[in-house]
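Coordinates in review
Spelled out from the first residue to the last, the chains are:
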Number of protein chains: 2
Amino acid sequence: MTQTPPRPPAGPPARRPVPTSADVARLAGVSRATVSYVLNNTSAVRISEPTRRRVREAAEELGYVPHAAARSLRAGRTRIVLLPTAHVPVGPLYGHFLNELQWALRRLDYTVVQYASMGLRGDEAARAWAELRPVAVVSFGAVDLTPFGVDILKRSGARAVITLGTRPVEGAHNVVMDQRRVGACAGAHLLERGYRRLGVVMPEEPGLNVFSAPRLEGVRGAAAGTDAEVVPLPLAYTEESAAALTARLPSLGVDAVFAYNDEYASLLLRALLDAGVSVPDDTALMGADDLLLGKLLRPRLSTVQVDMETGQHLAELVDRLVGDPDRTPDDHGHQAGHAPGHDLMAARAIRREST
Amino acid sequence: MTQTPPRPPAGPPARRPVPTSADVARLAGVSRATVSYVLNNTSAVRISEPTRRRVREAAEELGYVPHAAARSLRAGRTRIVLLPTAHVPVGPLYGHFLNELQWALRRLDYTVVQYASMGLRGDEAARAWAELRPVAVVSFGAVDLTPFGVDILKRSGARAVITLGTRPVEGAHNVVMDQRRVGACAGAHLLERGYRRLGVVMPEEPGLNVFSAPRLEGVRGAAAGTDAEVVPLPLAYTEESAAALTARLPSLGVDAVFAYNDEYASLLLRALLDAGVSVPDDTALMGADDLLLGKLLRPRLSTVQVDMETGQHLAELVDRLVGDPDRTPDDHGHQAGHAPGHDLMAARAIRREST
DNA sequence: TTGAAAGCGCTACCAG
DNA sequence: CTGGTAGCGCTTTCAA
């Protein structure tokens, strides 16, 4: 007799009701507790082998899968590491880094969740993230995290809030991946080569601003105190935009361009060559990120090589912070000073043929 | 009086306990029910404005954020759409598509979760996904979903399991994005131009196999029944590998190469030109995906343009399936036939200068 | 208009 | 070695 209680209260529209541990218990003829013990290999308790088998078989037969929400509700904590995603492809470099990070976190038994935070911004996003009760949040600058947002997350149980970017956010553990340094390298290189009017490509694609703005700032910093000038050059990733910019270039008097990265540089290089501009003689051109692409072009692109620490490293940092949340960031009373922050990035200029 | 019951049972190691709706209720001097009504704007019940204010203020003050797990546990269903991620950057084309999809799903009020499924494979992965009780799963071929895996997901409450790829999986709703067609286009184009020994680049980078294998298959299909031959050409994304392949090419007698996509094509093009091979006179070269890159090279790359339907479209499909799970896939008794499947991809060859 | 209480699925105590 | 049971945070009847 499948003595199902009439189930009057609120029918979840499930077609076949999803099997629960109680169902498994019933089928195996044991209690829910025993099911839990068996399926979690609880070492503190010894269950006879026949029972184990019965439980496992019952679970198998029903297609039982534990309910993560219920589990973490009971446990009072999750193993979720939240990676908010921006709304842009961030390029091969970051793609690789991100994959490494995911791998490493997974090995440490975290549940990596990339959360699409598109329409949201600032504290709104922080709230949405907090609803999942992640044990850690690693923000790549997809949204502007405020100190208040960090506080929301911390209060909701996040033991580590890590920002990867330029500006440290109060209360968060800031891992410096300072894009300014990329710009600074490029700027220094170009100045050293004798260029004095430096164009800096600013991609018009939305979201790339997170990277391009600090890179520009870095070039400005390098030029500060010299007689050199810095000219921002908006550019969309299309041939038309590149041609237009090329046409405008002479009137701007720019003698060298730092083109954000190798992809934009290659686009601009093509436009320059097609317009009969000699590179680097008429105009020098520099990329960044040291993509393979840059070596395939003629002239080969000078670039800025960016060494990012491994995702493994960052994953370990997450794990340490989760284990002991108040390490570096001075968290007494959330009136914290800026975290010193690790440094996961090094940059250096590589000269090839375009500068 | 903060009459906190001694909290003897099991201390979750929370530093400051995370505020719950009960805390809000206490502070506002109302019941938990009222808090829920106010914060969810439950229309079926009318709460006085002063009470609403008090509740909101209390929530604000405590930094209360609802607990998603508890909520969905109670509700019996989530709004999670799971996008399992592979372990490779999938290229700009798919990146764009993926972003569109996320946007669109978000607008439909789904919680988009990209789940890192790296070390897992097959049914193991399906289990892990099922633990989150997603209402829908959209799989890009990151893992090989089996009919059994699909069943696990369905039984755990997933109302839509969608696979994007070549082979339909039994029980899942298959959205055809048949990479074979890309290969077929390339093959047909090359044959039409009179080439008879077609090399097909197979990237050695792990994970790209999902795309490259069907593309190769497509070329084979195009060549079937003709006197043409097809030669797979393993290639890593490095200059060395490209140079090695170039050196080996003459002995293979290949007169045209379909280089998987424009990126690999540009790599190989460089190596060919450096070796003094004339393109297309000595060896023709064809890319795919119609990246901007292909137009920047000289000779300009012939390519296969891939029109993918918008993510918006797919999001709507997800929404429809969630609303009415047994639409197209014949689901009576999970002995289903293959879903006819929508078609989200069109491909056509574009001749430029390299073929 | 508001409160009391049941119960979603799970794990961890404490008895037996 | 196994079972009963409380309770995680939330929503939603039903009663007041």
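Please refer to the structure higher up on the page.
Residues numbered from 1 in each chain as written. Chains lettered and ligands numbered in written order. Predicted model: local features only at pLDDT ≥ 70, side-chain atom pairs only at ≥ 80, totals over all residues. Heavy atoms only, no water.

1. As for the overall build of chain A
Each helix and strand in chain A was counted, giving 13 helices and eleven strands. The 355 residues of chain A split such that 52% are buried. Within chain A, contacts between residues at least 6 apart in sequence are counted, and of these 71% link residues at least 24 apart. Accessible surface, chain A as shown: approximately 16,100 Å² in total, 51% of it carbon and sulfur. (Helix = DSSP H or I, 4+ residues; strand = E, 2+ residues; numbered from the N terminus. Buried < 20%, exposed > 50% of the residue type's maximum accessible area, 1.4 Å probe, protein only. Contact = heavy atoms within 4.5 Å. Areas by Shrake-Rupley, 256 points an atom, 1.4 Å probe, with all protein chains shown as cover.)

2. As for the relation of the copies chain B and chain A
When chain B is brought onto chain A, the operation consists of a screw motion whose angular component is 180 degrees and whose axial shift is 0.0 Å, with 0.1 Å RMSD remaining. The transformation relating the two chain copies, once decomposed into turn and shift, fits a two-fold axis. In this assembly, 98% of the residues forming the interface of chain B have copies in chain A that are likewise at the interface, indicating an isologous arrangement. (Least-squares fit on C-alpha atoms with pLDDT ≥ 70 in both.)

3. Quick word on the interface of chain B and chain A
Taken together, the contact pairs 64 residues of chain B with 64 residues of chain A. Across the chain B/chain A interface, buried area totals approximately 5,900 Å², and carbon plus sulfur atoms make up 55% of it. Viewed at the interface, chain A and chain B are joined by 19 residue pairs in polar contact (both at pLDDT 80 or more). For the side of chain B that touches chain A, the elements supplying multiple residues, two or more each, are α3 (49-62), α4 (68-75), α5 (92-107), β2 (111-116), α6 (123-131), α7 (147-155), α11 (262-274) and α12 (292-296) of chain B. With six residues, the top contributor of residues to the side of chain B that touches chain A is β2 of chain B. Here the side of chain B that touches chain A is composed, by residue class, of 32 nonpolar, 16 polar and 16 charged. Where strand β2 (residues 111-116) of chain A and β2 of chain B come together, three bridges link them in antiparallel fashion. (Buried area = accessible area lost by both parts, 1.4 Å probe. Polar contact = N/O pair within 3.5 Å; in protein donor to acceptor, adjacent residues only side chain to side chain. Nonpolar A, V, L, I, M, F, W, Y, C, P; charged D, E, K, R; others polar. Pairing = 2+ DSSP bridges.)

4. Notes on the environment of Leu 39 of chain B
Residue and element names in this part refer to chain B. Tracing the backbone through its elements, the reader meets Leu 39 in helix α2 (residues 32-39). Residue classification places Leu 39 among the partly exposed residues on the basis of a relative accessible area of 31%. For Leu 39 and Leu 249, which are 210 residues apart along the polypeptide, the C-alpha to C-alpha distance reads 68 Å. Setting aside anything within four residues of it in sequence, one finds Leu 39 in contact with Val 55, Ala 59 and Tyr 64.

5. Quick word on the protein's contact with DNA strand C
Surveying the vicinity of DNA strand C reveals 27 residues, the closest of which are Ser 21, Arg 32, Tyr 37, Tyr 64 and Arg 74 of chain A. Considering DNA strand C, the proportion of its atoms within 4 Å of the protein that are sugar or phosphate atoms stands at 59%. Take Arg 74 of chain A: an N or O atom from its side chain is 2.6 Å from a base oxygen of DNA strand C. Ser 48 of chain B is positioned with one of its backbone polar atoms (N or O) 3.2 Å from a phosphate oxygen of DNA strand C. Looking at the surface near DNA strand C, the elements that each hand over two or more residues are α2 (32-39) and α4 (68-75) of chain A together with α2 and α4 of chain B. (Near = heavy atom within 4 Å.)

6. Let's talk about helix α8 (residues 179-192) of chain B
Residue and element names in this part refer to chain B. Here α8 contains 14 residues, and its C-alpha end-to-end distance of 20 Å stays within 8% of the 20 Å for a straight helix at 1.5 Å per residue. Buried residues of α8: Gln 179, Val 182, Gly 183, Cys 185, Ala 186, Gly 187, His 189, Leu 190 and Leu 191, and no others. For α8, the N-terminal cap is Asp 178; the gap from its side-chain oxygen to the backbone nitrogen of Arg 180 is 2.8 Å. One or two steps after α8, the chain reaches Gly 194, where phi turns positive at roughly 100 degrees. (Expected span 1.5 Å × (residues − 1).)

7. Some thoughts on the protein's contact with DNA strand D
As a matter of local geometry, DNA strand D sits amid 27 residues, with Ser 21, Arg 32, Tyr 37, Tyr 64 and Arg 74 of chain B nearest to it. In this structure, Ser 31 of chain A approaches DNA strand D through a main-chain N or O atom, which is 2.9 Å from a phosphate oxygen. Contacts to DNA strand D include Asn 40 of chain B, whose side-chain N or O atom sits 3.1 Å from a phosphate oxygen. Those elements that place two or more of their residues in the surface near DNA strand D are α2 and α4 of chain A together with α2 and α4 of chain B. In the surface near DNA strand D, the residues fall into eleven nonpolar, ten polar and six charged.

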